[in-house]
Amino acid sequence: MIALFIFSFVTACILALVAYLQSEATWWKGPLAAVVLFALGLGIIVLVPEEALKNSILPPVLSLSVAAWYCAGLVGVGALSALILRRFAPTGRIVKLVFGGGWGLMFIGLLTLAILK
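Note that the coordinates shown come from a computational prediction; the quantities given were computed from them, not determined experimentally.

> For this particular structure, what's the right way to read the packing of helix α1 (residues 2–24) against helix α3 (residues 61–85)?
Angle between the axes and distance between the axes are the two parameters that describe a pair of packed helices. Running from N to C, α1 and α3 cross one another at 50 degrees; their axes reach a closest spacing of 8 Å. Relative to α3, α1 is oriented oblique. Judged by the twist between their axes, the crossing of α1 over α3 is right-handed. Contacts between α1 and α3 involve Phe 7, Thr 11, Ile 14, Leu 15, Val 18, Ala 19, Gln 22 and Ser 23 from the first element and Tyr 70, Leu 74, Val 75, Val 77, Gly 78, Ala 79, Ala 82 and Leu 83 from the second. In terms of residue class, the contact of α1 with α3 is made up of 12 nonpolar, 4 polar and no charged.

Here you go:
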């Protein structure tokens, strides 16, 4: 339970940070960062052979690419929510809304997955 709480809190912090940065930036920077991270995940799968990471401390190639895709999703959701909300609210309120909503949704979603498993 504590791990779910901490993971959802860290995810909400990342979403709030991205929303803050996007609310002060031009509209294309956040979605572009998400696309670049998604392409990085694809590049890891295509360009890094599994044997290159066999005797290293790095996780397998699939884990690295899934982590890049998860980060791309976080950046994309944070940027899109800031783009939608910056027309209606100031920057401080955007960050509070995104943090609260992200934390609540992530914690409830992870708790639901843990209960169903």
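> Please explain the side chain of Gln 22 as it appears in this structure.
Its place among the elements puts Gln 22 in helix α1. Residue contacts for Gln 22: discarding those within four places in its chain leaves Trp 27, Lys 29, Gly 30, Pro 31, Ala 79, Ala 82, Leu 83 and Arg 86.

> For this particular structure, what's the right way to read the nonpolar core?
Among the nonpolar cores identified, the biggest contains 7 residues, and these are Leu 15, Ala 19, Leu 74, Ala 82, Ala 89, Ile 94 and Val 98. Discounting chain neighbours no more than four positions away, the residues touching Ala 19 are Gly 78, Ala 82, Ile 94 and Val 98.

> What should I look at first to understand a nonpolar patch on the surface in this one?
Side chains of Ile 2, Phe 5, Ile 6, Phe 9, Val 10 and Ile 14 sit close together on the surface and give an oily, nonpolar patch of about 540 Å² of accessible area. By relative accessible area, which is 41% here, Val 10 ends up partly exposed.

> Looking at this structure, how should I read the packing of α1 against helix α4 (residues 91–116)?
Across the interface, α1 lies against α4 with an axial gap of 8 Å and an inter-helix angle of 150 degrees. Relative to α4, the element α1 is oriented roughly antiparallel. Of the two elements, α1 crosses α4, and the hand of that crossing is right-handed. Residue composition of the contact of α1 with α4, by class: 20 nonpolar, 5 polar and 1 charged.

Parameters and conventions
- Residues numbered from 1 in each chain as written.
- Predicted model: local features only at pLDDT ≥ 70, side-chain atom pairs only at ≥ 80, totals over all residues.
- Heavy atoms only, no water.
- Axes fitted to C-alpha atoms, helices over the stretch in contact; angles between N-to-C directions.
- Helix = DSSP H or I, 4+ residues; strand = E, 2+ residues; numbered from the N terminus.
- Parallel < 35°, antiparallel > 145°, perpendicular 65-115°, else oblique.
- Left-handed = near helix turned anticlockwise from the far one by under 90°.
- Contact = heavy atoms within 4.5 Å.
- Nonpolar A, V, L, I, M, F, W, Y, C, P; charged D, E, K, R; others polar.
- Core = buried A, V, L, I, M, F, W, Y, C linked by side-chain atoms within 4.5 Å.
- Buried < 20%, exposed > 50% of the residue type's maximum accessible area, 1.4 Å probe, protein only.
- Patch = residues over 30% accessible without salt bridge, like charges linked within 9 Å, V, L, I, M, F, W, Y side chains within 5 Å.
- Areas by Shrake-Rupley, 256 points an atom, 1.4 Å probe, with all protein chains shown as cover.
- Salt bridge = Lys/Arg side-chain N within 4 Å of Asp/Glu carboxyl O.

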